Amino acid sequence: MADLSQLLQETMRRRRLNAQALADRTGIRTPRIRAFAEDGAHGPVQPTEQELAELAAALKLPLPTVLAAARAPIGAPA
């Protein structure tokens, strides 16, 4: 299972979205999305359950997949 940063980076790249575009879709501030994409859920800026749900919906990912990625250790194999 990929960690949150890997999941976000891969999905954003596939959907051709940058942090600003994802922020526009979710209402989550752009710096927070960048932090999640760089550091995952275990960095200095940690996502809330609501933010994870918003990211899942905006990226059309199953919520359980996003929640599992947020719990995965950094650098976990895909």
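Residues numbered from 1 in each chain as written. Predicted model: local features only at pLDDT ≥ 70, side-chain atom pairs only at ≥ 80, totals over all residues. Heavy atoms only, no water.

A. Broad picture of the overall build of the chain. Secondary structure assignment for the chain yields five helices and zero strands. Seen in sequence order, the chain has helices and strands lined up from the N terminus as α-α-α-α-α. Computed over C-alpha atoms, the radius of gyration of the chain comes to 11 Å, within 12% of the 12 Å expected from 2.2 N^0.38 for 78 residues, which places it in the range of a compact globule. Within the chain, the proportion of its 78 residues that are buried is 46%. Summing over all exposed atoms, the chain offers an accessible surface of approximately 4,500 Å²; the carbon and sulfur share of this is 52%. Counting 10 positive and 8 negative side-chain charges, the chain places the centres of these two groups 7 Å from one another. (Helix = DSSP H or I, 4+ residues; strand = E, 2+ residues; numbered from the N terminus. Rg over C-alpha atoms; globule rule 2.2 N^0.38 Å. Buried < 20%, exposed > 50% of the residue type's maximum accessible area, 1.4 Å probe, protein only. Areas by Shrake-Rupley, 256 points an atom, 1.4 Å probe, with all protein chains shown as cover. Lys, Arg positive; Asp, Glu negative; His and termini not counted. Charge placed at Lys NZ, Arg CZ, Asp CG, Glu CD.)

B. Geometry of the pattern of salt bridges. In total, this model carries one salt bridge according to the counting rule given. Arg32 is paired through a salt bridge with Glu51; the nearest N and O atoms lie 2.7 Å apart. Here Arg32, found in helix 3 (residues 30-39), pairs with Glu51, found in helix 4 (residues 49-59); they are 19 residues apart in sequence, far enough to count as distant. Assessed through its relative accessible area of 24%, Arg32 is described here as partly exposed. (Salt bridge = Lys/Arg side-chain N within 4 Å of Asp/Glu carboxyl O.)

C. View of helix 2 (residues 19-26). Along helix 2, the residues classified as buried are Ala19, Leu22, Ala23 and Thr26. Viewed end-on, helix 2 has its buried residues packed into an arc of 105 degrees, placing them on one side of the element. Helix 2 presents Asp24 and Arg25 as exposed residues on the side facing more than 90 degrees away from its buried surface. Tucked into the core, helix 2 has its buried residues touching helix 1 (4-14), helix 3 and helix 4. With a side-chain oxygen lying 3.1 Å from the backbone nitrogen of Gln20, the N-terminal cap of helix 2 falls on Asn18. Positive phi appears at Gly27, one or two residues downstream of helix 2, with a value of about 90 degrees. (Arc of directions from axis to C-beta. Contact = heavy atoms within 4.5 Å. Polar contact = N/O pair within 3.5 Å; in protein donor to acceptor, adjacent residues only side chain to side chain.)

D. View of the packing of helix 2 against helix 4. Two elements in contact, helix 2 and helix 4, have axes separated by 9 Å at closest approach and are oriented at 105 degrees. Between helix 2 and helix 4, the crossing angle belongs to the class labelled roughly perpendicular. Residues Leu22, Arg25 and Thr26 of helix 2 lie in contact with helix 4, whose contacting residues are Glu54, Leu55, Ala58 and Leu59. Considered class by class, the residues forming the contact of helix 2 with helix 4 number four nonpolar, one polar and two charged. (Axes fitted to C-alpha atoms, helices over the stretch in contact; angles between N-to-C directions. Parallel < 35°, antiparallel > 145°, perpendicular 65-115°, else oblique. Nonpolar A, V, L, I, M, F, W, Y, C, P; charged D, E, K, R; others polar.)

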